[in-house]
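Single-letter residue listing:
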Amino acid sequence: MQMKTFLIHTLKFFIPLLILLIPLDYVLSYYLSQSNEYPGEIEVWNDIYQSKATCDVAVYGSSRAWAHINPEILKDSLHAEVYNFGMDGHNFWLQYLRHLEFLKHHPQPKTIILSVDVFTLQKRTELYQQSQFLPYMLWNANIRKYTSSYVGFKKSDYYIPLLRYSGKTTSLKTILKNAFSKHTEEKYRKRGFLGLDRAWNFDFEKAKAANVTYQIKMDSATLVLFENFIQECRNTKTELIFVYTPEYIEGQKLFVNRSELMSYYKTISEKYAIPFYDYSGDSLCLDKKYFYNASHLNKQGAEIFSRKLASDLKARTKN
Amino acid sequence: MLFNSIDFAIFLPIVFLLYWFVTKGNLKLQNTLLLFSSYFFYACWDWRFLFLLIFSTLLDYFTGIKMSDAKSASSKKFWFWLSVSVNLGFLGVFKYYNFFAESFASALENLGLQINPWTLNLILPVGISFYTFHGLSYVIDIYKDRIKAEKNFIDYAVFVSFFPLLVAGPIERATHLLPQIQKRRTFDYAKAVDGLKQILWGLFKKIVIADNCAEFANLIFNHSDDYSGSTLLLGALFFSIQIYGDFSGYSDIAIGTAKLFGIELLRNFAFPCFSRDIAEFWRRWHISLSSWFRDYLYIPLGGSKGGTWMKIRNTFIIFIVSGFWHGANWTFIVWGALNAVYFLPLLLHNKNRNHLDVVAAGKLVPTAKEFFSMLLTFLMTVFAWIFFRAENIQHAMSYISDLFSGLASKSSYVETMNLIRWQIGYGIPLVIVLFFSLEWLGRENQYAISQLGKTWKRPMRHALYYALIFAIFWFGGKEQQFIYFQF
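Now for a description of the structure that goes with this document.

The rules behind the values
Residues numbered from 1 in each chain as written. Chains lettered and ligands numbered in written order. Predicted model: local features only at pLDDT ≥ 70, side-chain atom pairs only at ≥ 80, totals over all residues. Heavy atoms only, no water. Axes fitted to C-alpha atoms, helices over the stretch in contact; angles between N-to-C directions. Helix = DSSP H or I, 4+ residues; strand = E, 2+ residues; numbered from the N terminus. Parallel < 35°, antiparallel > 145°, perpendicular 65-115°, else oblique. Contact = heavy atoms within 4.5 Å. Nonpolar A, V, L, I, M, F, W, Y, C, P; charged D, E, K, R; others polar. 1 Å grid on protein atoms, 1.4 Å probe; cavity = no way out; pocket = protein on both sides within 12 Å on 5 of 7 lines; lining within 4 Å. Points joined across faces, edges and corners; volume = space filled by probe spheres on them. Phe/Tyr/Trp six-rings, centres within 6.5 Å; stacked < 30°, edge-to-face > 60°. Buried < 20%, exposed > 50% of the residue type's maximum accessible area, 1.4 Å probe, protein only. Lys NZ or Arg CZ within 6 Å of the ring centre and 35° of its normal. Pairing = 2+ DSSP bridges. Right-handed = clockwise from strand over helix to strand, strands pointing away. Buried area = accessible area lost by both parts, 1.4 Å probe. Polar contact = N/O pair within 3.5 Å; in protein donor to acceptor, adjacent residues only side chain to side chain.

**Details of the packing of helix α4 (residues 73-110) of chain B against helix α5 (residues 128-143) of chain B**
All names here are of chain B. With their axes 10 Å apart at the nearest point, α4 and α5 run at an angle of 170 degrees to one another. In terms of their interaxial angle, α4 and α5 are classed as roughly antiparallel. Of the residues in α5, those touching α4 at Lys76, Lys77, Phe80, Ser83, Val84, Asn87, Leu88, Phe90, Leu91, Phe94 and Lys95 are Ile128, Ser129, Thr132, Phe133, Leu136, Val139, Ile140, Ile142 and Tyr143. Tallied by class, the residues present in the contact of α4 with α5 amount to 13 nonpolar, 4 polar and 3 charged.

Pasting the structure below:
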């Protein structure tokens, strides 16, 4: 009898919590997905999951894609719909996840422009900006498969509603802000792009003064995935183009094995006959005024570069 | 399997339901289930060390019987020392070997002799200090004829391995726990509800208080060279609150879990932060270990009976050994010695048993004298915790030196305020204040919320528990290891 009472009381206490798990998860995810803050990753995910990113030309890459390649300029020049899927701070491993999720909700694009750089084939250990996955990751097999190898989420976070929000105070504050403040429709990134109107930040000078150098280690699993992706593009008859967007020329010297990485891209592009547009020696790279740090063009630089790229791609189409 | 993990949240209800529904009150089945569940729980950490636990259990079980059956004193002595030396031998190899090898090499280096110490790359088996002490108390009690040897292996093995206390205590006594294991347990509604409440409070202490304090304590201790005066004081305060929340939270979860199975474990904490002197603090902090050392080391050494020098010697021995029990590092030894220094004046002036009651019992606020003695005692413990938390003695000394030299500088306070404003925020300090307020209000009970809301209507009471669950959700997710698991 005592046990029966105990079980009934315990269930009465926990059942409201269990019943609320899914609706609360939905509400939190909904309000978090309303975020239009830096770096705008959630907006891109929303466009993907709401099938609003249909395009003929898809731009993939990191921040060196989303801050450098303006889809509007490419659209005007190529007369094709363009969307920039550049993913802040992440390498090819998670860029591929975005590709998979994009294909779940959209038709295959005709062309993929892949912005490659020294970091593309590296893999971070921690799940940088993990909050971008929170609204979409519950019971999502692709997100689980591609994010679980990072230090970030626990296994239960992918399966149990609400649990992944525990302790994510920054995201919870954003949710409260989105729920209780007037919502603005203005987006941070447009079709995935934003030219950053920033001044040179002197990080490069600090690194140079401290004699900082970088040795980039290519991740073996990413290399396999990279070649599989190339094969997948061939199988689906999707045109794949490599683009190495401009880098400040002095900054290139900080990477001790840069030539090795560049030669890898050249070898792959020759092996699979992939056009490779390398702008790392372009005249833009010589002038700091087009950059806000050694790896990123500012708004002015991005606009000039996007026109150059559009013109080169147009010339190629004509040929 | 951590107490604050999803794995444990699945494991516990399964064992609970099997225990009460499948065994149907059959004592043999109840104990067998508890033993296998405990071994499964332990194997989840590292299954290889399960063999060590079983070996240690078998050793004490057989030596216990041999001692009970011994025909002569010398035979009894032989089995006793065999058990003690093997138990301490394991502890010595796994926990202290590298420390002694390195300390010996460094002592020789000071004499101009260079040797490369042969160190072992060993993982410390989780809970070894706790279950070794369980076993030791058992064989000592048999040797001293305080108890008879347990003939039922399952019962004895449950005494050593009962999963709530297996990895970090409370350190049980055969006289207290074995009789409960030998007796058929029937379900007690009030005890089970009390257990659930204590688990909830323990989770709150661990996840909300300790884990969040740990973030800032780690930040400040790991970069102590970058900080000064008041920020270092803040770091020491955070660590003091962390270790209290962490270990007392763990103990609450362990005791609460045991209650669900109808078993009462020894109390481990009795609101030590409200102690009026250091002697009271040690009666309220990690009670099961303090009383273990009192009964099995301090009293056999003569306790406080002999002359002044004997009292001083015994006090230093017990505190230093207690410090050393925590880990193979000079920092723990200094922490122990410092507590002995705090304690000695009280002992020598016969003031060590001045405060046996609960401070300001029946009153809402303490007197000014009580308040200042609590504050002074708390600050003394905060100072000692610096040694406990520091990486090594040099780190502790530089931490203390920077702390005191910086306290006079205004820039240090600006630095602290900026750290609070930009990194710590006001949420956690506010929650800590609320936590200590609840602790103060509930200080006359077993744990802070045990009586809170007992007269309230159920929805109100549940609202309080939901609020605690909400706090765990909001402030959780830090996933810090329990500090005492490393001991």
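**Quick word on the layout of surface pockets**
The volume enclosed by the second largest pocket comes to roughly 960 Å³. Around the second largest pocket, the lining comprises 40 residues; the ones closest to its centre are Gly167(A), Lys168(A), Thr169(A), Thr170(A) and Ser171(A). Looking at the lining of the second largest pocket, the elements that each hand over two or more residues are α2 (41-49) and α7 (169-180) of chain A together with α9 (189-222), α17 (410-424), α18 (427-441) and α19 (458-475) of chain B. When residues in the lining of the second largest pocket are grouped by element, the largest group, 5 residues, is from α7(A).

**What to know about the packing of aromatic side chains**
The geometry of an aromatic ring pair is captured by two quantities: the separation of the ring centres and the angle between the planes. In total, this model carries 105 aromatic pairs over all chains according to the counting rule given. With a centroid separation of 6.1 Å and 70 degrees between ring planes, the pair formed by Phe8(B) and Phe41(B) is classed as edge-to-face. In this pair, Phe8(B) sits in helix α1 (residues 6-22) while Phe41(B) sits in helix α2 (residues 27-46), placing the two residues 33 residues apart along the sequence. Exposure class is identical for Phe8(B) and Phe41(B). Each is buried. The aromatic ring of Trp45(A) is capped on one face by Arg98(A), whose charged end is 4.4 Å from the ring centroid.

**Thoughts on empty space enclosed by the protein**
Residues and elements named next belong to chain B. Tallied over the entire structure, the rule returns 4 cavities of 30 Å³ or more. The volume enclosed by the largest cavity comes to roughly 80 Å³. What lines the largest cavity is a set of 14 residues, among which Lys205, Asp252, Phe269, Gln446 and Tyr447 lie closest to the centre. Contributing elements (two or more residues each) for the lining of the largest cavity: α9 and α10 (229-260). Ranked by the residues each element gives to the lining of the largest cavity, the list is headed by α10, at 5 residues.

**Quick notes on the pairing of strand β4 (residues 239-244) of chain A**
Look at any regular strand and the pattern is simple: side chains alternate between the two faces of the sheet. Residues and elements named next belong to chain A. The element β4 is largely enclosed, with a buried count of 5 among its 6 residues. Strand direction decides the pairing type here: strand β3 (residues 111-115) and β4, joined by 5 bridges, are parallel. Looking at β4, one finds that Leu114 is bridged to Phe242. Where β4 lies against strand β5 (residues 276-278), 3 bridges are found, and the strand directions are parallel. Within β5, the residue paired with Phe242 across the bridge is Phe276. Crossover connection from β4 via helix α10 (residues 258-271) to parallel β5: handedness right-handed.

**Focus: the side chain of Asn46(A)**
Residues and elements named next belong to chain A. Among the secondary structure elements, Asn46 is positioned in helix α2. Classification of Asn46 by relative accessible area gives buried; the value is 13%. The contact partners of Asn46, leaving out residues within four places of it in the chain, are Ser33 and Tyr136.

**Remarks on the interface of chain B and chain A**
Accessible area lost upon the coming together of the parts is a frequently used measure of interface size. Between chain B and chain A, the residue contacts involve 25 residues of the former and 24 residues of the latter. Of the roughly 1900 Å² buried where chain B meets chain A, counting both sides, 77% is carbon and sulfur surface. The largest per-residue losses of area from chain B upon contact with chain A belong to Tyr189(B), Phe473(B) and Trp474(B), which jointly make up 34% of the total buried on that side. Inspection of the region where chain B meets chain A yields 7 residue pairs in polar contact (both at pLDDT 80 or more). Within the residue set of the side of chain B that touches chain A, elements represented by two or more residues are α1, α9 and α19 of chain B. Element by element, the count of residues in the side of chain B that touches chain A is highest for α19(B), at 9 residues. Looking at the side of chain B that touches chain A, its residues break down into 18 nonpolar, 3 polar and 4 charged.

**Considering the sheet that holds β5(A)**
Residues and elements named next belong to chain A. Strand order across the open sheet formed by 5 strands is β2-β1-β3-β4-β5, with parallel pairing between neighbours. The sheet is open, and its two edges are formed by β2 (82-84) and β5, each paired on a single side. Here the average twist between neighbouring strands, direction ignored, is 20 degrees.

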